[in-house]
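# Tertiary structure, described
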Amino acid sequence: MKLWVNGGLRDTESARVSVLDHGLTVGDGVFETLKTVEGRPFAMDLHLDRLTRSARGLGLPDPDLDEVRRACAAVLEANPVPRGRLRITYTGGISPLGSDRGDAGPTLVVALGEAGPRADSTAVITVPWTRNERSALAGLKTTSYAENVIALAKAHEQGASEALFANTTGRLCEGTGSNVFVVLDGQLHTPPLTSGCLAGITRALTVEWTGAQETDLPMDVLERADEIFLTSSLRDVQAVHRVDGRELPGAPGPVTAKAMRIFAERAAQM
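For the structure given in this document, a descriptive report is provided here. Not measured: the values here are computed from a predicted model. Numbers given for residues are sequential positions, taken from 1 along each chain in its written order. Reporting in this predicted model follows two pLDDT cut-offs: at least 70 for local features of residues, and 80 or more for side-chain atom pairs to be given and counted; totals over whole chains, interfaces and linings ignore these cut-offs and use all residues. The side-chain numbers reported here are obtained from all heavy atoms of the structure, hydrogens and water having been left aside.

## Quick word on the overall build of the chain
Within the chain one finds six helices and 15 strands. The classification of residues rests on relative accessible area computed with a 1.4 Å probe and restricted to protein chains. Under 20% of the type maximum is buried, over 50% is exposed, and intermediate values are partly exposed. Counting only residues that meet the buried cut, the chain has 50% of its 270 residues in that class. Within the chain, residue pairs in contact and separated by at least 24 positions form 69% of the contacts whose partners lie at least 6 positions apart. Areas reported here follow the Shrake-Rupley algorithm with a probe of radius 1.4 Å; residue values treat only the protein chains shown as occluding. Total accessible area on the chain is roughly 12,600 Å²; 52% of this is exposed by carbon and sulfur atoms. Positive charges come from Lys and Arg, negative ones from Asp and Glu, while His and the chain ends are left out of the count. By convention, the charge on Lys lies at NZ, on Arg at CZ, on Asp at CG and on Glu at CD. The averaged location of the 34 negative side-chain charges in the chain is 2 Å from the averaged location of its 28 positive side-chain charges. Runs of E in the DSSP output that reach at least two residues are strands. Runs of H or I that reach at least four are helices, and both are numbered from the N terminus. Residue contacts are counted whenever heavy atoms from the two residues lie within 4.5 Å of one another.

So, in structure tokens, the structure goes:
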């Protein structure tokens, strides 16, 4: 595998980032994950817009998007895969130990991994930890992901692929790396951005293409929703067949199946 690190392609064995990089020492960085199909990244412009928003939210300088595009193109050309996970990481760069940033400039890393096909449905759990909708990081896609690592490990222990969070007011928020939609009386709903959830690219397209409503939802909606599904860059639209101990037989249900079909058709035209 070849990666892009600060201006050029490197072999995996020779790719280096300083041990004093602020992304490593304090998680001071942002990232994007894009789905690629036969070397073509999906929704690149939308992802780069969010990368810039996240960087500004952390107070990092705007990334040089021309360089990011060159880096992505170089990595995709050097690593041909049928379906991939393209990861763009942008950090505060070499800095003093502690929270203060240095003046060496940001670090840019682009890497690509192969991504297998996803199942039409999956199991999820809820976790007791919360998202802080008033956090300085709310809505930003940052490299401070330890909370997600813990929650996802808990999900895997229980035979699930995702964990869902409430926010501090007990309202449904998001998954560790996905947004969540529910069907109530035939109508599609997803938590609003004010819940503290990430402004997911796939989420936004699904809302636009299906007419889903952004609705403040209690956590117990997961106990009574007719259907539930997740969205993310690599999941696209994925039905949920189990939440904790509750089974949702027949997943994907009719509303979810329609959303899956609409997303696949519209995404193919982008």
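## Regarding a nonpolar patch on the surface
Together, Val19, Leu20, Leu24, Ile94 and Leu97 make up a nonpolar patch on the protein surface, roughly 520 Å² of accessible area in all. Mapped onto the elements of the fold, Leu97 is located in the loop between strand E5 (83-91) and strand E6 (107-114). With a relative accessible area of 69%, Leu97 lands in the exposed category. Every patch collects residues that have over 30% relative accessible area and no salt bridge, joining them within 9 Å if they carry like charges and within 5 Å if they are nonpolar side chains (Val, Leu, Ile, Met, Phe, Trp, Tyr). Every case where a carboxyl oxygen of Asp or Glu lies within 4 Å of a side-chain nitrogen of Lys or Arg is listed as a salt bridge.

## Focus on the side chain of Ser232
One can find Ser232 in strand E13 (residues 227-232). For Ser232, a relative accessible area of 12% corresponds to the buried category. Polar side-chain contacts of Ser232 include one of 3.0 Å to the backbone nitrogen of Arg235. Each residue touching Ser232, except ones within four places of it in the same chain, is listed here: Gly177, Ser178 and Thr202. The definition of a polar contact used here is a pair of N or O atoms within 3.5 Å, where within protein one atom must be able to donate a hydrogen and the other to accept one, and adjacent residues in sequence count solely through side-chain atom pairs.

## Let's talk about helix H2 (residues 44-58)
Multiplying 1.5 Å by the residue count of a helix minus one yields the expected span of that helix. Taking 1.5 Å of rise per residue, the 15 residues of H2 would be expected to cover 21 Å, and the 21 Å separating its terminal C-alpha atoms lies within 8% of that figure. Looking at H2, one finds that the buried residues are Met44, His47, Leu48, Arg50, Leu51, Thr52, Ser54, Ala55 and Leu58. Among the structural elements, strand E3 (29-37), strand E4 (40-41), helix H3 (65-78), E5 and helix H5 (201-210) are those in contact with the buried residues of H2. Just downstream of H2 lies Gly59, where phi reads positive at about 80°.

## Digging into the environment of Ala123
Following the sequence through the fold, Ala123 ends up in strand E7 (residues 121-131). In this structure Ala123 touches Gly159, Ala160, Ser161, Glu162, His241 and Arg242, once residues within four positions along its chain are discounted.

## Observations regarding the pairing of strand E10 (residues 179-184)
Moving residue by residue along a regular strand, the side chains alternate between the two faces of the sheet. Most of E10 is tucked away: six of the six residues are buried. Because side chains alternate across E10, one face comprises the buried residues Asn179, Phe181 and Val183, and the other comprises Val180, Val182 and Leu184, equally buried. One requirement defines pairing of two strands: DSSP has to find at least two bridges between them. Looking at chain direction, E10 and E13 are connected through five bridges and run antiparallel. Residue pairing in the sheet places Phe181 in a bridge with Phe229 of E13. Direction of pairing for E10 relative to strand E11 (residues 187-190): antiparallel, over a ladder of three bridges. When the bridges of E11 are listed, Val182 appears paired with His189. The loop that links E10 with its antiparallel partner E11 comprises two residues; one of these, Asp185, has a positive phi angle of about 50°.

## Let's talk about the nonpolar core
Nonpolar core, defined: a set of buried Ala, Val, Leu, Ile, Met, Phe, Trp, Tyr and Cys residues in which side-chain atoms within 4.5 Å join the residues together. Counting residues in hydrophobic clusters, the biggest one holds 23 residues, and the most contacted among them are Trp4, Cys72, Leu86, Ile88, Tyr90, Leu108 and Val110. For this core, the secondary-structure elements that each account for two or more residues are E3, H2, H3, E5 and E6. Examining the composition of this core, we find that six residues originate from one element, H3, more than from any other. Leave out the neighbours within four places in its chain, and Leu86 touches Glu32, Thr33, Leu34, Thr36, Pro41, Cys72, Val75, Leu76, Val110, Ala111 and Leu112.

## Let's talk about the packing of H5 against helix H6 (residues 254-268)
Comment: axis = line fitted to C-alpha atoms, over the contacting stretch for helices; angle = value between 0 and 180 degrees taken between N-to-C directions. It is at 10 Å that the axes of H5 and H6 come closest, and there the two elements cross at 105°. Taken together, the axes of H5 and H6 lie roughly perpendicular to each other. Contacts between H5 and H6 involve Thr202, Leu205, Thr206, Trp209 and Thr210 on the former and, on the latter, Ala259, Ile262, Phe263, Arg266 and Ala267. An angle below 35 degrees is treated as roughly parallel, one above 145 as roughly antiparallel, one from 65 to 115 as roughly perpendicular, and anything else as oblique.

That's the geometry; what it means functionally is another story.
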